[in-house]
Amino acid sequence: MEVIRTREAFREAMVEARAAGRGVGFVPTLGFLHDGHRSLMARAREEADLVAVSIFVNPLQFGPAEDVAAYPRDLDRDLGICEKEGVDAVFAPDADEMYPGGPPEVTVDPGPVGNRLEGASRPGHFRGVSTVVAKLLGIVGPCRAYFGEKDAQQLFIVLRMVRDLDLPAEIVGCPTVRERDGLALSSRNTYLSAEERRAATCLYEALARAAWLVEGGERDARVLRAELARRIGAEPLAALDYVAVVDEDTFEEVDRLRGPARALVAARVGPARLIDNLLLRPSD
Ligand code: PAF
């Protein structure tokens, strides 16, 4: 497995791979890898000839109130995981390599969806994500790129950006990986104490309850939002940020379910801000 530090060397490696007829599967990450990332790598391994992973804690997507320096990092452990997953190349630049001369003057506008939900709670977050993803895809070149559905709003914006800007990548959304009790895997779970870890299951429990109500015929999104908020609000260690039920195709809030919709929740549990979501499929 090759560990690459510069944009130029990474670009060259990807160009060479394609010239040799090898299709590239690309998994962008912030590092501190877990089984969710492993599932993205495994999917890329199945579908591509060469698997490349980027490990870069992108300062642009952290707001002024968020401590980018405190984001968990362990490059040696991450490289071990990549090696085990059969990754061919890891791109691990530092911030000066990615943004020589400081933050870029030209950035990518994530569109109106970028200002809602996560975007409202974390102003500038999706501009930072869109910019770094566009930059990474520009370096990698034509590829299939793998993103988790756990960050459903991010996945929606990346799909939209690739479509609207004609970027030469095929974006593949992959299912959320969960602990046995339903908690979605996240690097942020490492911040939780044992008691907070138990409390954190309220996010998935609320989403599962909403899905159960939909299976039972509930179509009023206001009822579903109220139930999501009630369930999370009942957990004393969780501070609710938002609940939402959005149309799967537009990410607009809906009043009634008339097709596939997505329930989304965000809450602070102890020191960690956690998000999760679940697809709601009305049978009619
Ligand atoms: O989801 C993430 O890990 C990050 O937002 C991404 C896509 C790697 C961009 O920094």
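In case you missed it, the structure is sitting above this.
Quick summary incoming for the structure in this document. (Residues numbered from 1 in each chain as written. Predicted model: local features only at pLDDT ≥ 70, side-chain atom pairs only at ≥ 80, totals over all residues. Heavy atoms only, no water.)

1. Brief notes about the environment of Ala48
Inclusion rule: Helix and strand assignments follow DSSP, with helices taken as H or I runs no shorter than four residues and strands as E runs no shorter than two, numbered in order from the N terminus. Using a 1.4 Å probe on the protein chains alone, a residue whose accessible area is under 20% of its type maximum counts as buried, one over 50% counts as exposed, and one in between counts as partly exposed. Contacts were defined at the residue level, with two residues in contact if any of their heavy atoms lie within 4.5 Å.
The topology assignment puts Ala48 in the loop between helix H2 (35–47) and strand S3 (50–55). Judged by relative accessible area, Ala48 falls into the buried class, the value being 11%. Separated by 26 residues in sequence, Ala48 and Arg22 place their C-alpha atoms 7.6 Å apart. The residues contacting Ala48, other than those within four sequence positions of it, are Gly23, Val24 and Gly25.

2. Section: helix H7 (residues 152–164)
Operational definition: Helix span, expected: 1.5 Å multiplied by one less than the number of residues in the helix.
Taking 1.5 Å per residue as the helical rise, H7 with its 13 residues ought to reach 18 Å, and the 18 Å between its terminal C-alpha atoms agrees with that figure. Among all positions of H7, only Ala152, Gln153, Gln154, Leu155, Phe156, Ile157, Val158, Met161 and Val162 are buried. Each element contacted by the buried residues of H7 is listed here: helix H5 (118–121), helix H6 (125–140), strand S5 (143–148), strand S6 (169–174), strand S8 (261–269) and strand S9 (272–280). Where H7 terminates, the next one or two residues include Asp166, which has phi positive at roughly 55 degrees.

3. Details of the sheet that holds S9
Filter applied, for reference: When DSSP finds two or more bridges between two strands, those strands count as paired. The axes are straight lines fitted to the C-alpha atoms, using for helices just the contacting stretch, and the angles between their N-to-C directions are given from 0 to 180°.
The strand order across the open sheet formed by three strands is S7-S8-S9, and the pairing between neighbours is antiparallel. The sheet is open, and its two edges are formed by strand S7 (238–247) and S9, each paired on a single side. Shown here is a sheet whose adjacent strand axes are inclined to one another by a mean of 15 degrees, direction ignored. Of the pairings in the sheet, the one linking S8 to S9 comprises nine bridges and is antiparallel in character. Each bridged residue has a counterpart across the sheet, and for Ala266 the counterpart in S9 is Ile275.

Function cannot be inferred from these measures alone, as they are strictly geometric.
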